[in-house]
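# Fold and geometry: a report
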Amino acid sequence: MYYTLREKALNNGQNYHLMAVLWRNGKIVKTGTNSSKTHPRFVRRYADGSYGACMHAEMNVIRFAKPGDSIQVMRFKKRDDGLAMAKPCEHCMKHIREVGIKYVRYTNPEGIWETIKIK
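So, here is what we can say about the structure in this document. (Residues numbered from 1 in each chain as written. Predicted model: local features only at pLDDT ≥ 70, side-chain atom pairs only at ≥ 80, totals over all residues. Heavy atoms only, no water.)

## Section: helix α3 (residues 90-99)
An α-helix turns once every 3.6 residues. As a result, residues three or four positions apart point the same way. Heads up, the condition is: Each residue is assigned to one of three classes by its accessible area relative to the maximum for its type, calculated with a 1.4 Å probe on protein chains only: buried under 20%, partly exposed between the two thresholds, exposed over 50%. Helical segments are the DSSP runs of H or I of at least four residues, strand segments are the runs of E of at least two, and each set is numbered from the N terminus.
Of the residues making up α3, those classed as buried are His91, Cys92, Met93, His95, Ile96 and Val99. Immediately beyond the C-terminal end of α3, within one or two residues, lies Gly100, with a positive phi of roughly 100°.

Structural data, given as structure tokens:
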């Protein structure tokens, strides 16, 4: 499964190759990559007054989340099999909390998994 997720992320047409996996009761519910697609739920306003609505991998899957689900987020390096920093941004974390996700696992800069328990 790792290589399927990696291939999907590497072929997302973006500069960053992230994959998010939504888990419910130990089973995969949805996978998603970052993309230039938009969704009205995730529009954000920047300090300069401009708006952005690109879909982060986390946003792509939390559209289908229910309270108690968990998410894994990984970022793949294009040049090798390694993993890189994939910690969700503040905007994604806001939506993750709102949905009721209980755990977020992500790869850190060294490609090692870390976990955030949402309160």
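## Observations concerning the environment of Met19
Threshold: Residue contacts follow a heavy-atom distance rule, with two residues in contact if any of their heavy atoms lie within 4.5 Å.
Tracing the sequence through the fold places Met19 in strand β1 (residues 18-24). In the structure, Met19 is positioned 41 residues away from Asn60 in sequence and 9.4 Å away in space, judged by C-alpha atoms. Apart from the residues within four sequence positions on either side, Met19 is in contact with Leu5, Lys8, Ala9, Thr31, Gly32, Thr33, Ala57, Gln72, Val73, Met74 and Phe76.

## Examining the side chain of Asn12
Heads up, the condition is: We call two N or O atoms a polar contact when they sit within 3.5 Å, provided that within protein one can donate a hydrogen and the other can accept it, with sequence-adjacent residues counted only if both atoms are side-chain atoms.
As for its position among the elements, Asn12 is in the loop between α1 (2-10) and β1. What makes Asn12 buried here is its relative accessible area of 13%. At a separation of 2.7 Å, a polar atom in the side chain of Asn12 contacts the side chain of Asn34. In contact with Asn12, not counting residues within four places along its chain, are His17, Leu18, Thr33 and Asn34.

## Some thoughts on the state of the cysteines
The condition that has to hold: Disulfide assignment relies on a single distance test, namely cysteine sulfur atoms paired within 2.5 Å.
Summed over the entire model, instances satisfying the criterion amount to 0 disulfides. In this structure Cys89 is not part of a disulfide, and its nearest cysteine sulfur, from Cys92, lies 3.7 Å away. On the basis of relative accessibility, which here comes to 28%, the residue Cys89 falls in the partly exposed class.

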